[in-house]
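These are the residues of each chain, in order.
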Amino acid sequence: MLIIVIRTLILYAVVIFSLRIMGKRQIGELQPSELVVAIMISDLATVPMESINIPLITGIIPVFTLIFAEVILSFAGLKSRTARKIIAGSPSVVIYDGVINERELSRMRFNLDDLLEELRLMGFFNISDVAVAVLETSGKISVIPNDNARTATVDDLKLKGVRHDGLPCSIIIDGKLNQYELKRSGKSLDFIKSEIAKKGAGKISDVFILSIDPEGDIYIQMKEKATKRRKHG
């Protein structure tokens, strides 16, 4: 029993190491050659894992052989556009200016129902809202919307002083000031203290959370102890 556990752990480590060499793509973003290697590695690893009569090396050598071949192919694709096209294929434009390319869909064996489903998942319910849709080599669809379906940007709305990262700044968490978030917010410490004072608190340590969203709206919640102290005071 112990031998089986040890062999399994060794093969597990080998497979993890092999997949780490392939990179950090998610399963849905694997190129065809990478997906084939991932499937074959899992099959090869199970053979010596199931039978202790089979030497571990008979499973490890094929795994590393596949990884070596994948690295060579990846390097070839990096250096040669032709090799990259042969190995991974090339993107296909399936919608252009609101018109579906039936010939390209047929060539890629991608039916209309699948296309409409992918568009709905991306928030596009009308074909006319799509300027360009590209079927990528990973099988995912990239969409460029028409102007009338495009989400309004800060420049479109002519807003001033709005941060473009879209992330709220959590400046105070559990009574602790985060200098990095304070700098990212573009606010001064005096400004933060004045906002705290408006809530009736005198110290940063009395604040449970203080955050500022990209539009500059401030959210402050005091600690329960500080709130009770203020009420009784």
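As shown above, the structure is provided for reference.
None of these values were measured; they are calculated from a predicted model.

Asker: For this particular structure, what's the right way to read the sheet that holds strand β1 (residues 92-96)?
Answerer: In a beta sheet, neighbouring strands are held together by backbone hydrogen bonds and run either parallel or antiparallel to one another. The sheet built from 4 strands is open, its strands ordered β2-β1-β3-β4 with antiparallel pairing. Strands at the two margins of the open sheet, each flanked by one partner only, are β2 (99-100) and β4 (141-145). By the bridge criterion, 2 bridges tie β1 to β2 in an arrangement that is antiparallel. Along β2, the bridge assignment pairs Y96 with V99.

Asker: What is the right way to look at the sheet that holds strand β5 (residues 169-173) in this model?
Answerer: In space, the 4 strands of this open sheet follow the order β6-β5-β7-β8, with antiparallel pairing throughout. The open sheet has two edge strands with one neighbour each: β6 (176-177) and β8 (218-222). Across 5 bridges, the pairing between strand β7 (residues 207-212) and β8 is antiparallel. Paired with I212 across the two strands is I218, which belongs to β8.

Asker: Sorry if this is basic, but what is going on with the pairing of β7 here?
Answerer: Working note: regular strand, side chains alternate between the two faces of the sheet. Where β5 meets β7, 4 bridges bridge the pair, whose relative direction is antiparallel. Note on β7: the bridge partner recorded for S170 is S211. In sequence, β7 turns back onto β8 through a hairpin of 5 residues, with G216 there showing a positive phi of about 95 degrees.

Asker: Would you mind going over the pattern of salt bridges with me for this structure?
Answerer: Pairing is possible between side chains of opposite charge, provided their charged atoms come close. The final tally for this structure, using the stated rule, is 4 salt bridges. Here E104 and R107 are joined by a salt bridge, their closest N and O atoms 2.6 Å apart. Of this pair, E104 and R107 are both found in helix α5 (residues 102-107), 3 residues apart, which corresponds to roughly one turn of the helix. The partner of D174 in a salt bridge is K223, and the shortest N-O contact between them spans 3.7 Å. Of this pair, D174 sits in the loop between β5 and β6 while K223 is found in the loop between β8 and α10 (224-232), placing the two residues 49 residues apart along the sequence. By relative accessible area, D174 is classed as partly exposed at 42%.

Thresholds applied
- Residues numbered from 1 in each chain as written.
- Predicted model: local features only at pLDDT ≥ 70, side-chain atom pairs only at ≥ 80, totals over all residues.
- Heavy atoms only, no water.
- Pairing = 2+ DSSP bridges.
- Helix = DSSP H or I, 4+ residues; strand = E, 2+ residues; numbered from the N terminus.
- Salt bridge = Lys/Arg side-chain N within 4 Å of Asp/Glu carboxyl O.
- Buried < 20%, exposed > 50% of the residue type's maximum accessible area, 1.4 Å probe, protein only.

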